[in-house]
Amino acid sequence: MLFDKGRTVFISGSAYEYGSLGDVGKPFVKDLTRTLLKNNFRIISGFGLGVGSSVVEGALDEVYSGKREKISDHLHVYPFPSSHHLSNFKDCYREDMISQAGIAIFIFGNKLEDISIREADGMLKEFEIARSYNARMIPVGASGYVAERLWLQVLRHYDDYFDTREKFELFLQLGAPYTRPERLIDLILQLAK
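Everything quoted here is computed from the prediction, not taken from an experiment. (Residues numbered from 1 in each chain as written. Predicted model: local features only at pLDDT ≥ 70, side-chain atom pairs only at ≥ 80, totals over all residues. Heavy atoms only, no water.)

(A) Up close: the sheet that holds strand E4 (residues 103-108). The five strands lie next to each other as E3-E2-E1-E4-E7, forming an open sheet whose pairing is parallel. Looking at which strands have only one partner, the edges of the open sheet turn out to be strand E3 (75-77) and strand E7 (136-139). Within this sheet the neighbouring strands show an average axis-to-axis angle of 20 degrees, counted without direction. Note that E4 and E7 share four bridges and pair parallel. Counted as the bridge partner of Phe106 is Pro139 from E7. Contacts from helix H4 (residues 121-132) reach strand E1 (8-14), E4 and E7, with the element oriented near 165 degrees to E4. (Pairing = 2+ DSSP bridges. Helix = DSSP H or I, 4+ residues; strand = E, 2+ residues; numbered from the N terminus. Axes fitted to C-alpha atoms, helices over the stretch in contact; angles between N-to-C directions. Contact = heavy atoms within 4.5 Å.)

(B) A look at unusual backbone geometry. Unlike most non-glycine residues, Ile115 shows phi in positive territory, near 60 degrees. Owing to a relative accessible area of 84%, Ile115 belongs among the exposed residues under this scheme. With a phi close to 65 degrees, Tyr178 is a non-glycine residue in the positive phi region. (Buried < 20%, exposed > 50% of the residue type's maximum accessible area, 1.4 Å probe, protein only.)

(C) The arrangement of the pattern of salt bridges in detail. What the rule picks out here adds up to 10 salt bridges. Linking Arg94 and Glu126 is a salt bridge whose minimum nitrogen-to-oxygen distance equals 3.1 Å. In this pair, Arg94 is assigned in helix H3 (residues 87-98) and Glu126 in helix H4, connecting sequence segments 32 residues apart. Residue class for Arg94 comes out buried when judged on its relative accessible area of 10%. Between Glu182 and Arg180 there is a salt bridge; the shortest N-O distance is 3.3 Å. Both residues of the pair, Glu182 and Arg180, belong to the exposed class. Linked by salt bridges that have partners in common, Lys111, Glu113, Arg118 and Asp121 make up one network. (Salt bridge = Lys/Arg side-chain N within 4 Å of Asp/Glu carboxyl O.)

In short, the description is geometric, and any link to function would need to be established separately.
Structure below.
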């Protein structure tokens with residue numbers, strides 16, 4: 001089956017904790033996934049910690065409760081093998097996964113390492129790969145962590161990432177702390193279309 005790259009969304013995210021979204025972090029990811037699928041987007045996920053399982057749950061709910069189609073027509077998951085630590089392997093794997101998407105959404109971006117919360121450096125790599133493939137970049141700054149850092153980067157250089165300023169106000173709202181999850185999902189959908 002051939003897929004429209006412009007309707008294929010890569011969701012990059014990892015979360016040991018969910019920042020200002022707190023307890024609604026996982027439901028936010030699940031609802032975002034369901035909304036994207038309802039709007040005929042296809043989803044690719046690297047199955048990041050704390051995010052990947054919610055992406056899968058949202059996709060299963062939407063596909064099997066509504067569409068009655070095969071999950072593989074709507075969701076492709078690329079879990080990273082935990083035992084393979086070669087940088088070149090991970091870079092090739094990321095590139096293969098991300099090259100299929102025309103839209104890239106970045107949420108959260110933190111991990112537990114050495115008993116403290118740290119930035120998910122893999123998200124930074126995924127951002128650069130998505131950019132190299134000219135994906136529409138949608139970092140959700142309100143989710144905090146690396147996504148907030150990426151949102152600020154895109155905001156400062158907006159014209160390097162987008163052809164017009166038509167949706168600038170929508171993008172600006174993606175970084176407002178404590179924005180309700182439903183509003184974030186609406187903003188993401190408007191920016192993805």
